[in-house]
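Letter by letter, the chains look like this.
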Amino acid sequence: MDVSRETSAVSDWQYSFLEGLRSFNIELEEEQLRQFQHYHQLLVAWNRRINLVSRKDATRLEIAHFLDSLLIVPELQRRRPQTLIDVGTGGGFPGLPLKLALPEMNTTLVDASRKKTLFLRHFIRETQLAGVTILNIRAEALAQSHAGQFQVGVARAVAALETLIPLMLPLLRPGGIFFAYKGGDLKNEIDASKPVLAQYHASLETVHTFKLPGIQKERKILVICKHSEEK
Ligand code: SAH
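A quick note: this is a predicted structure, and the numbers were derived from the prediction, not measured.

**Regarding the overall build of the protein**
Turning to step 1, where the next piece is worked out: The secondary structure content of the protein amounts to 10 helices and 7 strands.
Turning to step 2, where the next piece is worked out: The C-alpha atoms of the protein give a radius of gyration of 17 Å, which matches the 17 Å a tight globule of 231 residues would have.
Turning to step 3, where the next piece is worked out: Considered along the principal axes of its C-alpha atoms, the protein spans approximately 60 × 35 × 30 Å.
Turning to step 4, where the next piece is worked out: Put simply, the protein has 231 residues, and 51% of those count as buried.
Turning to step 5, where the next piece is worked out: Taking all contacts inside the protein whose residues are at least 6 apart in sequence as the whole, residues at least 24 apart take part in 68%.
Turning to step 6, where the next piece is worked out: When the accessible surface of the protein is split by element, carbon and sulfur atoms take 47% of a total near 11500 Å².
Turning to step 7, where the next piece is worked out: For the protein, the distance from the average site of its 29 positive side-chain charges to the average site of its 25 negative ones is 6 Å.

The following block contains the structure:
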């Protein structure tokens, strides 16, 4: 897509999205950009009736939600997972943008809210996106049916690490990775999660820090690995 304002019918949000993608070295094809456009339209329309994104963020969806979700794309491109689960996905973040960017990846989006999963089903039906499973279920009930099935787990703005780790780690295969999208000062949260990390045979590998354009707060993404063998 042509990113120069003068020569194309690219709207402001698309222009800012394309700039953002470029600054994080994320490449998307025309067809993928069209899917993001569709997602944008539907989010704006449905957000009038159900609370998918905050009012404040609704004016800069392309950065606060799309680009933010996509920050781990370069890392996923290196690791090439075939399966991803997003727990507490809400309006699809970060799992759905990741699926749009990496279409080969089988993606499961989970949320306890029926309204939010209805929105996601609507989008999937309209775009005929293959390889997406939407589950309207509480994460606590997932381990029974989906234990050890995923190579990657993601969660953003769902719960504290101490609560998330027992929900996410059982879903991962040995050697799998949980990317926890967080912000702020995490020291206390990380300290508090240490016993539960050990209990679930996992360790915190690294914390990535990102600065999104126009957004004050830093985004931190914790990379938590499930050990291949129980140590
Ligand atoms: N990840 C999205 C939504 C965050 S809001 C984003 O970053 O925009 C938190 C979401 O998690 C809500 O949609 C809520 O319904 C869901 N949620 C909270 N606890 C849950 C649980 N135990 N199981 C499934 N979904 C849960």
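**A few points about the pairing of strand E4 (residues 150-156)**
Turning to step 1, where the next piece is worked out: Of all 7 residues that make up E4, 6 are buried, and the element is covered over most of its length.
Turning to step 2, where the next piece is worked out: Looking at chain direction, strand E1 (residues 83-87) and E4 are connected through 3 bridges and run parallel. Across the sheet, Leu84 pairs through a bridge with Val152, a residue of E4.
Turning to step 3, where the next piece is worked out: Looking at chain direction, E4 and strand E5 (residues 172-183) are connected through 6 bridges and run parallel. For Val152, the partnering residue across the bridge sits in E5 and is Ile177.
Turning to step 4, where the next piece is worked out: Following the backbone out of E4, through helix H9 (residues 161-168) and into the adjacent parallel E5, one traces a crossover that is right-handed.

**Section: the environment of Phe93**
Turning to step 1, where the next piece is worked out: Tracing the sequence through the fold places Phe93 in the loop between E1 and helix H6 (95-101).
Turning to step 2, where the next piece is worked out: Residue classification places Phe93 among the buried residues on the basis of a relative accessible area of 4%.
Turning to step 3, where the next piece is worked out: Along the chain, Phe93 and Ser69 lie 24 residues apart, while their C-alpha atoms are 6.2 Å from each other.
Turning to step 4, where the next piece is worked out: Discounting residues that sit within four places of it in the chain, Phe93 has contacts with Tyr39, Leu43, Val53, His65, Phe66, Ser69, Asp86, Gly88 and Arg156.

**Focus on the packing of aromatic side chains**
Turning to step 1, where the next piece is worked out: As enumerated under the stated definition, the model contains 12 aromatic pairs in all.
Turning to step 2, where the next piece is worked out: Taken together through their ring pairs, the aromatic side chains of Trp13, Phe17, Phe36, Tyr39, Trp46, Phe66, Phe93, Phe119 and Phe123 make up a single cluster.
Turning to step 3, where the next piece is worked out: Between Arg49 and the ring centre of Trp46, over which it is positioned, the NZ or CZ distance is 4.9 Å.

The rules behind each value
- Residues numbered from 1 in each chain as written.
- Predicted model: local features only at pLDDT ≥ 70, side-chain atom pairs only at ≥ 80, totals over all residues.
- Heavy atoms only, no water.
- Helix = DSSP H or I, 4+ residues; strand = E, 2+ residues; numbered from the N terminus.
- Rg over C-alpha atoms; globule rule 2.2 N^0.38 Å.
- Buried < 20%, exposed > 50% of the residue type's maximum accessible area, 1.4 Å probe, protein only.
- Contact = heavy atoms within 4.5 Å.
- Areas by Shrake-Rupley, 256 points an atom, 1.4 Å probe, with all protein chains shown as cover.
- Lys, Arg positive; Asp, Glu negative; His and termini not counted.
- Charge placed at Lys NZ, Arg CZ, Asp CG, Glu CD.
- Pairing = 2+ DSSP bridges.
- Right-handed = clockwise from strand over helix to strand, strands pointing away.
- Phe/Tyr/Trp six-rings, centres within 6.5 Å; stacked < 30°, edge-to-face > 60°.
- Lys NZ or Arg CZ within 6 Å of the ring centre and 35° of its normal.

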